[in-house]
Amino acid sequence: MDVREFLKENIVYLDGGMGTLLQKKGLMPGEYPEKWNVTNSDIIVDIHKSYFDAGSNIVCTNTFGANLLKFSHDELDLIIKSAVNNARKASELSLSGQNKWVALDIGPSGKMLAPYGDFDFEEAVALFAETVKLGVKYGVDLIMIETMSDSYETKSALLAVKENCDLPVFVSNAYGEDGKLMTGASPSAMVALLEGMGADAIGVNCSFGPKKLTTVVKEYLKYASVPVILKPNAGLPKIVNGESVYDVLPEEFADDVSALINGGVSVVGGCCGTTPEYIAELHSRKVKKLPVVEKNHTVVSSYTHAVEFGNNPVLIGERINPTGKKRFKEALRAGDIEYILKEGISQQEMSVHALDVNVGLPEIDEIQMLKTAVCRLQEVVDLPLQIDTSNAKAMELALRRYNGKALINSVNGKQESMNEIFPLVKKYGGVVIALTLDEKGIPATADGRLEIAKNILDNAKKWGIAKKNIIFDPLALSISADASAGKETLKAVKLISENLSCATSLGVSNVSFGLPERDVINGIFFSLALENGLSAAIINPYSTEVMRAYFAYVALSGKDENCSKYIEFAQKLQKTASTMSVEVKKVQTDDENKSNLQRAIIKGLKEQSAFFTKELLKNTLPLDIVQEEIIPALNTVGVGFENKTVFLPQLLMSAESAKCAFEVIKTAFSSDKTSDKCAFVIATVKGDIHDIGKNIVKLLLENFGFIVTDLGKDVSPELIVETVIKLRAPLVGLSALMTTTVPAMEHTIKLLRINAPWCKIVVGGAVLTQEYADMIGADKYAKDAMETVRYAEKINDTLSK
């Protein structure tokens, strides 16, 4: 039986932890667990068999880190072949009678994807594709993508699966204490992305025990129309009698997971610290499965959050579009991406919820420009994007590179349009704007537009696209040409909303074309459309009349508690009345006292950071720029990160912008010393190839003026000690992602204590806790990059006294 069919009526039990069991069996610090598929296959088979015996339906192959970054192609082929054979043999040896399947296990690559790292999205897709193809070659039943902490890497892995097989695919992400992925995605954003791309089951693994993951799981259950996965740790590691143990025992684990099964979870298992005993205890509860029901949420997402249509009206900023904008056309011809970025930032600060992105000019390469604009905008704004083009090739490339579930503008009732766009919606996910026109044009009546909408829904259904992923635009036409045009459009909005239960959107400003004082018409029309059920509008956020209409409607309709949004808007309007015109193009900021360079760094505008640094160098000393401009800007972003108002991608883009400023200073004044802070040696420990966290820390330390020596990943304890001694470094940072490599970290610390007792040791990584760090003898446990920077500054200040 296909696991998808089984899952419709049954709870699916996964296996539990692998790394901690291998350590107990003798896996050495720094040794690759995947190699044991070949060298110690009997042990791997025995572990798999014990999980099948405990009641697991699905056992994951011992291939969590198996990819071409770690092994040659021949090695990878042998490892995956052996891993699949081991799991198959275990299934045959187990006498338990449940349905059994073997999943190819795929973990993170260990690399940070661009723009935050140096690993391109397509490189990531290709990397995962090679692992997938070998898993398919050797006969796995499904693919399990797990422990991903970056939405973009998750997308690359899922795309690799979808493009190379038709096997079922389960996807599970690892969330932090703040309930978000490392790069900022909320659970609802991940549901939108993964369900949109066609994952068969989605959910949560690793990080914490089941209780601490409850809030995240409940958000999945609220939005997901596919089965939800829960694969928690056995709590967190702590020290008992000198040994590391996890603080949630099998009975408590089974109680907590069973409670979430009763809440709707369909796929359960364990991660770090769990053993066959945990799975057996959970399986023995025999909890009944609840049916998975369709959630009719119309949702798009960015790399941080989801935006839902149907509660409050959604504002889509229209200004990234060359139509009628001479300066914008000039920017496109000149390849001036910074102009587009500033426009995106400015619209976000005007309270829009999404941005329309249209770069269509006949004389430019729209395919490449649209991809560039989408990727670069996602570096500096966290709003969902509406990808707006009539070029299907441009649309596909932009959707492929988009980090989230996009708005797609647009499809229409012409068969040619639906044949072009619906396959893209099906493959990449998205919510598509559907224009109510067809081969005969735009119907004059609302009833005619309703009929086209019904036809579009019928065609979408054939592609497996739910109506929740269609937003209808009944097309606002100019009342200067047809006096009844506005009235008919409003009627169409109401008919579609009430008869089809679909969301609607309008390009509001079209109604006033050819008339004077267009904003007056636009504002009143927008109010009327909202009253008739309009879900969203593409608007000019610099239009006072339109924004007044929006905030007044939200307050009057009871959707603005205590009228707080309206009051905030009114106060802002009073403060900035002179800048609320269509001509406003500057990047606005909450702190007008910040300099141009500081604002550019805070917003992540790299080219502007370099430009303003060059300007400052004409009259300012390099060290003064560093101390009075760059460091204060980084501190502003750092404090926001610590307070959870800024997410990791924004922190990294600000750091990259600061780096651009530093490069200008170094180039212009190569002999000047721009830093007087101490040396800091950093490395990912032996056996661990995951260097994302290390690279983030390195980037921030360098921007705060530390002299960083990066030894890379999979670094031997001896090399780390040798480097610390050579540099007489007062600080060293050690990183580890996997439980199997923490012993290598402990060994490194022991050697440092003997050979470099002056050196302070900072440790970090997903598997570490304060208690664990204390046990292995570290001086500081840093839960994130900024905490490392703050500790380093404290040590540096001590040394300077």
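Worth saying up front: this structure is predicted, and the values here are computed from it rather than measured.

**Description of the side chain of Asn321**
Relative to the assigned elements, Asn321 resides in the loop between β13 (314-320) and α12 (326-334). Here Asn321 is in contact with Phe328, Asp356, Asn358 and Asp388, once residues within four sequence places are set aside.

**Quick word on the pairing of strand β19 (residues 503-507)**
Most of β19 sits inside the fold, with five of its five residues counted as buried. Burial along β19 is two-sided: the face carrying Ala503, Ser505 and Gly507 and the face carrying Thr504 and Leu506 are both buried. Where strand β18 (residues 470-473) lies against β19, two bridges are found, and the strand directions are parallel. Residue Ile471 lies in a different strand from β19, and its bridge partner there is Ala503. Remark: the β18/helix α18 (residues 485-500)/β19 crossover connection has right-handed handedness. Relative to strand β20 (residues 536-539), β19 runs parallel, the two being bridged by three bridges. Paired with Leu506 across the strands is Ala537, a residue of β20.

**What to know about the domain arrangement of the chain**
Segmentation of the chain into domains returns domain 1 (3-284), domain 2 (298-579), domain 3 (596-668) and domain 4 (679-800). The gap between the C-alpha centroids of domain 1 and domain 4 is 28 Å. Facing the 25 residues of domain 1 at the interface are 20 residues of domain 4. Across the contact surface, domain 1 and domain 4 share zero salt bridges. Applying the counting rule to domain 1 against domain 4 returns one residue pair in polar contact (both at pLDDT 80 or more). Residue assignment for the side of domain 1 that touches domain 4 shows that the elements contributing at least two residues are α2 (19-24), β8 (237-240) and β9 (243-246). Considered class by class, the residues forming the side of domain 1 that touches domain 4 number 13 nonpolar, nine polar and three charged.

**A few points about the sheet that holds strand β25 (residues 780-781)**
Sheet strands line up and pair through hydrogen bonds in the backbone, either parallel or antiparallel. One open sheet holds the five strands; their spatial order is β22-β21-β23-β24-β25, and the pairing between them is parallel. Edge positions in the open sheet fall to β22 (707-710) and β25, since each of these has one partner strand only. Where strand β21 (residues 679-684) lies against β22, four bridges are found, and the strand directions are parallel. Counted as the bridge partner of Ala679 is Ile707 from β22.

**Thoughts on the environment of Ala444**
Within the secondary structure, Ala444 sits in the loop between β17 (431-435) and α17 (446-462). A relative accessible area of 64% means that Ala444 is categorised as exposed. In this structure, the C-alpha to C-alpha distance between Ala444 and Asp482, residues 38 residues apart in sequence, is 9.9 Å. If we skip the residues at most four places from it in the chain, Ala444 touches Arg449 and Glu488.

**Side note on the packing of helix α27 (residues 717-727) against helix α28 (residues 742-755)**
For the pair α27 and α28, interaxial distance at closest approach is 9 Å and the crossing angle is 35°. For the pair α27 and α28, the sense of crossing is right-handed. For the pair α27 and α28, the contacting residues are Pro717, Glu718, Ile720, Val721, Val724 and Ile725 in the first and Ala744, His747, Thr748, Leu751, Leu752 and Asn755 in the second. Residue composition of the contact of α27 with α28, grouped by class: eight nonpolar, three polar and one charged.

**Remarks on the pairing of strand β12 (residues 306-309)**
As defined by bridge partners, strand β11 (residues 298-301) adjoins β12 across four bridges and the pair is classed as antiparallel. Of the residues in β12, the one forming a bridge with Val299 is Glu308. Hairpin connection between β11 and β12: a loop of four residues separates the two successive antiparallel strands.

**Topic: the side chain of Arg401**
Within the fold, Arg401 resides in helix α15 (residues 392-401). The buried category is assigned to Arg401, whose relative accessible area is 10%. Residue contacts for Arg401: discarding those within four places in its chain leaves Asp120, Phe121, Glu122, Tyr152, Lys155, Lys371, Cys375 and Gln378.

**So, helix α5 (residues 73-93)**
For α5, which comprises 21 residues, the first-to-last C-alpha distance of 30 Å matches the rise-based estimate of 30 Å (1.5 Å per residue) to within 8%. Among all positions of α5, only Leu76, Asp77, Ile79, Ile80, Ser82, Ala83, Val84, Asn86, Ala87, Ala90 and Ser91 are buried. Contact partners of the buried residues in α5: α3 (36-39), α4 (41-54), β3 (101-106) and α6 (121-137).

**A look at the nonpolar core**
Core analysis: the biggest nonpolar cluster contains 207 residues, and Phe472, Phe526 and Ile630 have the highest contact counts within it. Considering each element in turn, this core owes the most residues, ten residues, to helix α25 (residues 648-668). Aside from chain neighbours lying at most four places away, what touches Ile630 is Leu597, Ile601, Ile625, Ala658, Ala661, Phe662 and Ile665. Grouped together as the second largest cluster of nonpolar side chains are 29 residues, Val681, Met745, Val767 and Tyr772 included.

**Comments concerning the sheet that holds strand β5 (residues 169-173)**
One open sheet holds the eight strands; their spatial order is β1-β10-β7-β6-β5-β4-β3-β2, and the pairing between them is parallel. At either end of the open sheet lies a strand with only one pairing partner, and these are β1 (12-13) and β2 (58-60). Here β2 pairs with β3 via three bridges, running parallel. Opposite Val59, over in β3, you have Val102 as the bridge partner.

Cut-offs applied
- Residues numbered from 1 in each chain as written.
- Predicted model: local features only at pLDDT ≥ 70, side-chain atom pairs only at ≥ 80, totals over all residues.
- Heavy atoms only, no water.
- Helix = DSSP H or I, 4+ residues; strand = E, 2+ residues; numbered from the N terminus.
- Contact = heavy atoms within 4.5 Å.
- Buried < 20%, exposed > 50% of the residue type's maximum accessible area, 1.4 Å probe, protein only.
- Pairing = 2+ DSSP bridges.
- Right-handed = clockwise from strand over helix to strand, strands pointing away.
- Domains from an automatic or database assignment.
- Salt bridge = Lys/Arg side-chain N within 4 Å of Asp/Glu carboxyl O.
- Polar contact = N/O pair within 3.5 Å; in protein donor to acceptor, adjacent residues only side chain to side chain.
- Nonpolar A, V, L, I, M, F, W, Y, C, P; charged D, E, K, R; others polar.
- Axes fitted to C-alpha atoms, helices over the stretch in contact; angles between N-to-C directions.
- Left-handed = near helix turned anticlockwise from the far one by under 90°.
- Expected span 1.5 Å × (residues − 1).
- Core = buried A, V, L, I, M, F, W, Y, C linked by side-chain atoms within 4.5 Å.

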